[in-house]
Amino acid sequence: MSKKIDFSCPIHHNRTQKEILMLATPVLLSFGVPVYKTGNIVTFTAGGSIDADGAYRAYKLEGGGLDNIMNAHSNVKDPNSKWVGVVLDSTGRPVVQGANDPAPGYLVSQTAWRKPGASARDPRGYLDAETFPYIVVNEALLRLGVKAWDFAEVSYGGVSVAAVVGDTGRKLGEFSIGTAKKINEKLAQAALTADAKAAKPINPSPKNGGVSSGVSYKIWTGSNKGWPLGLNLEGEVAALSPT
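Attention in this report is confined to the structure presented alongside it.

Brief notes about the overall build of the protein chain
Now for step 1: A tally of regular secondary structure across the protein chain gives four helices and eight strands.
Now for step 2: Along the protein chain, helices (α) and strands (β) appear in the sequence α-β-β-β-β-α-β-β-β-α-β-α when read from the amino end.
Now for step 3: Burial analysis of the protein chain (243 residues in total) assigns 43% to the buried set.
Now for step 4: Expressed as a percentage of contacts within the protein chain between residues at least 6 apart in sequence, the contacts between residues at least 24 apart total 64%.

Okay, here's the thing in structure tokens:
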């Protein structure tokens, strides 16, 4: 599990051997993904599945949503299985957005956390996965101190984007549609430079998009500043990153 360490590397000159070894030794292995923690920073490298939860247009009963309606079931092959990721009414049926909601006719898709004081039925109380950059964490990372809306950085193909911890899932390696779009914007910018070797854009579709590997994640535990909508994420992450 440990990486081979070059203690003479200049980047390690101000660190003790114990500190260097902590950087190279995973604190846990989650579904085959080594997770590292140094101070308040949690890092791991995995793939990048696309999450639609919280998006106003995530799901529609008759189809046509950003994601397949079967992904709103606990068993994606059984339409009678338990609903997940959507708000339910008192009868156990999904709540459909009304005329005054952002996407009338679509279901109210929820993330693990919602805006303080917001009604569970209010689509605006959840981070809109279609536009907002967030990552998904699992129980293993929550036990390491990761919390809702902690600031994060996602790196792929030589570019990095700021995000927050916005939802929970079973495995590591998942981010919102908005994160994929932000990555693609930076890849397009990098492709304009003369010496760029930009990676191919990430397909942002929850149905058939994402990447299987090569995505690095960094989370600053305890860094959240509450409901993140309206915050300058790039500025917040830049302030947390070493110069």
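Anyway, onward from the coordinates.
What to know about the packing of aromatic side chains
Aromatic ring pairs are defined here through the distance separating the ring centres and the angle between the ring planes.
Now for step 1: Evaluated as defined, the whole model comprises three aromatic pairs.
Now for step 2: Summarising the aromatic geometry, the rings of phenylalanine 44 and tyrosine 217 are spaced 4.6 Å apart at their centres and angled 10° between planes, so their arrangement reads as stacked. Separated by 173 residues along the polypeptide, phenylalanine 44 in strand β3 (residues 41-51) and tyrosine 217 in strand β8 (residues 211-220) bring together distant segments of the chain.
Now for step 3: Among the residues examined, phenylalanine 44 registers a relative accessible area of 2% and is labelled buried.
Now for step 4: An angle of 85° between the planes, with centres 5.6 Å apart, marks the rings of tryptophan 149 and tryptophan 227 as edge-to-face. Residue tryptophan 149 is found in the loop between α2 (139-143) and β5 (151-156), and its partner tryptophan 227 is found in the loop between β8 and α4 (233-240); the two are separated by 78 residues along the sequence.
Now for step 5: For tryptophan 149, a relative accessible area of 9% gives the class buried.
Now for step 6: Tryptophan 227 sits in the buried class, given a relative accessible area of 17%.

Section: the pairing of β3
Now for step 1: Here strand β2 (residues 33-38) pairs with β3 via four bridges, running antiparallel. Directly across from tyrosine 36, in β3, lies its bridge partner threonine 43.
Now for step 2: Counting the residues that bridge the hairpin from β2 to β3 gives two residues, and of these glycine 39 lies at a positive phi of roughly 65°.
Now for step 3: Inspection of the sheet shows β3 paired to strand β7 (residues 174-176) by three bridges, in the parallel sense. Within the sheet, the bridge partner assigned to isoleucine 50 lies in β7 and is phenylalanine 175.

Cut-offs used in this document
Residues numbered from 1 in each chain as written. Predicted model: local features only at pLDDT ≥ 70, side-chain atom pairs only at ≥ 80, totals over all residues. Heavy atoms only, no water. Helix = DSSP H or I, 4+ residues; strand = E, 2+ residues; numbered from the N terminus. Buried < 20%, exposed > 50% of the residue type's maximum accessible area, 1.4 Å probe, protein only. Contact = heavy atoms within 4.5 Å. Phe/Tyr/Trp six-rings, centres within 6.5 Å; stacked < 30°, edge-to-face > 60°. Pairing = 2+ DSSP bridges.

Don't take any of this as a statement about function, it's just geometry.
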